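One letter stands for each residue in the lines below.
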Amino acid sequence: MQVSVLDGPGKLRVEERPVPTPGPGEVLVRISSVGVCGSDTHYYREGRIGPYVVEEPLVLGHEPSGEIVELGPGVSSRLVGQRVSLEPGIPDPLSAESLAGHYNLDPAVRFFATPPVDGVFAEYVVHPAAFCHPVPDHVSDDAAALLEPLSVALAARSAGDVGLGSKVLVAGAGPIGLLISQVCRLAGAAVTLTDVREERLELGPRYGAAQTFTAAEMPASGDAYPGGGYDVFIDATGAEPAILSGPQRLAPRGRCVLVGMGADSIALPVPLVQGRELTITGTFRYANTWPTAVELAAQGLVDLDGLVTSHHTLKDVEGALTAGAKPGALKAVVRP
Ligand code: ZN
């Protein structure tokens, strides 16, 4: 099979490798679509994200969909030919975190395209059957792949406890911010979406935002709603100015959820956090989100295909990883 391998910053090549054999509880999946994520781009450009450094050749890509073509021992034969969305992080099922239900926080989790674990810019991959989630036929290959970023959005909604009537401010109108906006709207929230770039806000209304502002146009603290600020602020930028502006706009007892990666340590406004009894939390990927993600996609309640702005082959993973620089680009998809 063909596999796209990253040899170091900016260095990609296609390599022939043997098709892997599924072990007990595993299946062989022929990959259909793989969404390209900001983290793939970071590894490609800089060869690292924070503590994770590419030291050996690495296969990128962690947002896959595909079809089960072969079964390992102990897997139900009904699964052959099943179209699936692959959940990329495999925890140790007996870790304290897994047993407590937040398996994403297991320190031993093996996650696609996080050194030294290879990702899925490949024709085939072997994966535990339990982490291959069946999708109905009317959900496209691309949409099935994008259940991964949808899961990020579901985890953010859950961390913010966003529900009926919540007033939510979302910073960042890229794929993650748009999906957070859509999921919060579905949960019954009134969503305000901001981004530094005006053109990125164009899709806001289609993705559930009741109002959009560029960061510069954003009304002063608390003005957006009479009688108080937002119940929840969700950052999907990882940019310091956006993160710092959030807590100021929260109502008393408001919740701040940090999703976007990239910011280093920043100053905490202690009097504000105390005076309004704010809660500040973050999310690390997701746990237990796929059943909901599959259901939302199956019911047509989320627009995943609308995020895809380009398709690429395995030979053009470089094009996929650099597509984000083009105006209007949201999500590139590799189709091995
Ligand atoms: Zn991702």
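A short tour of the structure in this document, coming up. Here the residue numbering is sequential within each chain, running from 1 through the sequence in written order. Only residues with pLDDT of at least 70 get local features here, since the model is predicted, and only at 80 or more are side-chain atom pairs given and counted; chain-wide, interface and lining totals rely on the full set of residues. Hydrogens and water are ignored here; the side-chain numbers use all heavy atoms of the structure.

## Quick notes on the coordination of the zinc ion
Working step 1: Surrounding the zinc ion are the protein donor atoms Cys-37 (SG), His-62 (NE2) and Glu-63 (OE), at 2.2 to 2.5 Å.
Working step 2: Metal-coordinating donors are taken as N, O and S atoms lying within 2.8 Å of the metal, or within 3.2 Å when the metal is Na, K or Ca; because water is left out, some sites can appear incomplete. Summarised as a motif, the one-chain spacing of the donors to the zinc ion is C-x24-H-E. Linking Cys-37 in the loop between β3 (26-35) and α1 (38-46) with Glu-63 in strand β6 (residues 63-71), this pair joins segments that are 26 residues apart in sequence.
Working step 3: For the exposure calls, accessible area comes from a 1.4 Å probe over protein chains only, and a residue counts as buried if that area is under 20% of its type's maximum, exposed if over 50%, partly exposed in between. The class for Cys-37 is partly exposed, based on a relative accessible area of 22%. In this text, helices come from DSSP runs of H or I with a minimum length of four residues, and strands from runs of E with a minimum of two, each type numbered from the N-terminal end.

## Looking at the pattern of salt bridges
Working step 1: By convention in these notes, a salt bridge is any Lys or Arg side-chain nitrogen within 4 Å of a carboxyl oxygen on Asp or Glu. Tallied over the entire structure, the rule returns 14 salt bridges.
Working step 2: Across the pair Arg-17 and Glu-15 runs a salt bridge whose closest N-O atoms are separated by 2.7 Å.
Working step 3: The class for Arg-17 is partly exposed, based on a relative accessible area of 23%.
Working step 4: Looking at Glu-15, the relative accessible area reads 23%, which means it is partly exposed.
Working step 5: Asp-303 is the partner of Arg-206 in a salt bridge, and the nearest nitrogen-oxygen pair spans 2.8 Å. With Arg-206 in the loop between β13 (190-195) and β14 (209-214) and Asp-303 in the loop between α8 (290-298) and β18 (308-312), this residue pair connects regions lying 97 residues apart in the sequence.
Working step 6: Judged by relative accessible area, which is 48%, Arg-206 ranks as partly exposed.
Working step 7: Residue classification places Asp-303 among the partly exposed positions, given a relative accessible area of 22%.

## Some remarks on the state of the cysteines
Working step 1: Count a disulfide wherever a pair of cysteine sulfur atoms falls within 2.5 Å. Tallied over the full model, the rule gives 0 disulfides.
Working step 2: For Cys-132, which is in no disulfide, the shortest distance to another cysteine sulfur is to Cys-37 and amounts to 19 Å.
Working step 3: Summary of cysteine pairing: Cys-184 is not part of a disulfide, and the nearest cysteine sulfur, belonging to Cys-256, is at 13 Å.
Working step 4: Given the relative accessible area of 0%, Cys-184 is considered buried.

## Digging into the nonpolar core
Working step 1: Residues belong to a common nonpolar core when they are buried Ala, Val, Leu, Ile, Met, Phe, Trp, Tyr or Cys residues joined through side-chain atoms within 4.5 Å. Counting residues in each nonpolar core, the largest one holds 44 residues, and the members touching the most others are Leu-147, Leu-150, Val-168, Ile-180, Cys-184, Ile-234 and Leu-304.
Working step 2: When residues of this core are traced back to their parent elements, those giving at least two are α3 (141-145), α4 (147-159), β12 (167-171), α5 (175-186), β13, β15 (230-235) and α8.
Working step 3: Just so you know, the domain bounds were taken from an automatic or database domain assignment. Each of domain 1 (2-146 + 304-334) and domain 2 (153-282) gives at least three residues to this core.
Working step 4: In this view, Ile-180 contacts Ala-153, Ala-156, Val-170, Ile-234, Ala-236 and Val-259; residues no more than four positions away in its chain are not counted.
Working step 5: Counting 34 residues, the second largest nonpolar core, distinct from the first, contains Ile-31, Val-34, Val-59 and Phe-112. We call two residues contacting when some pair of their heavy atoms lies within 4.5 Å.

## What to know about the packing of aromatic side chains
Working step 1: Any two rings among Phe, Tyr and Trp, with Trp reduced to its six-membered ring, count as a pair given centres within 6.5 Å; such a pair is stacked if its planes are under 30 degrees apart, edge-to-face if over 60, and tilted if neither. Counting across every chain of the model gives 2 aromatic pairs.
Working step 2: Between Tyr-103 and Phe-131, the ring centres sit 6.1 Å apart and the planes meet at 90°, which makes this aromatic pair edge-to-face. In this pair, Tyr-103 sits in the loop between α2 (96-99) and β9 (110-111) while Phe-131 sits in the loop between β10 (124-128) and β11 (132-134), placing the two residues 28 residues apart along the sequence.
Working step 3: By relative accessible area, Phe-131 is classed as buried at 14%.
Working step 4: Note on Tyr-286 and Trp-290: the rings are 5.2 Å apart at their centroids and 75° apart in plane angle, and the pair reads as edge-to-face.

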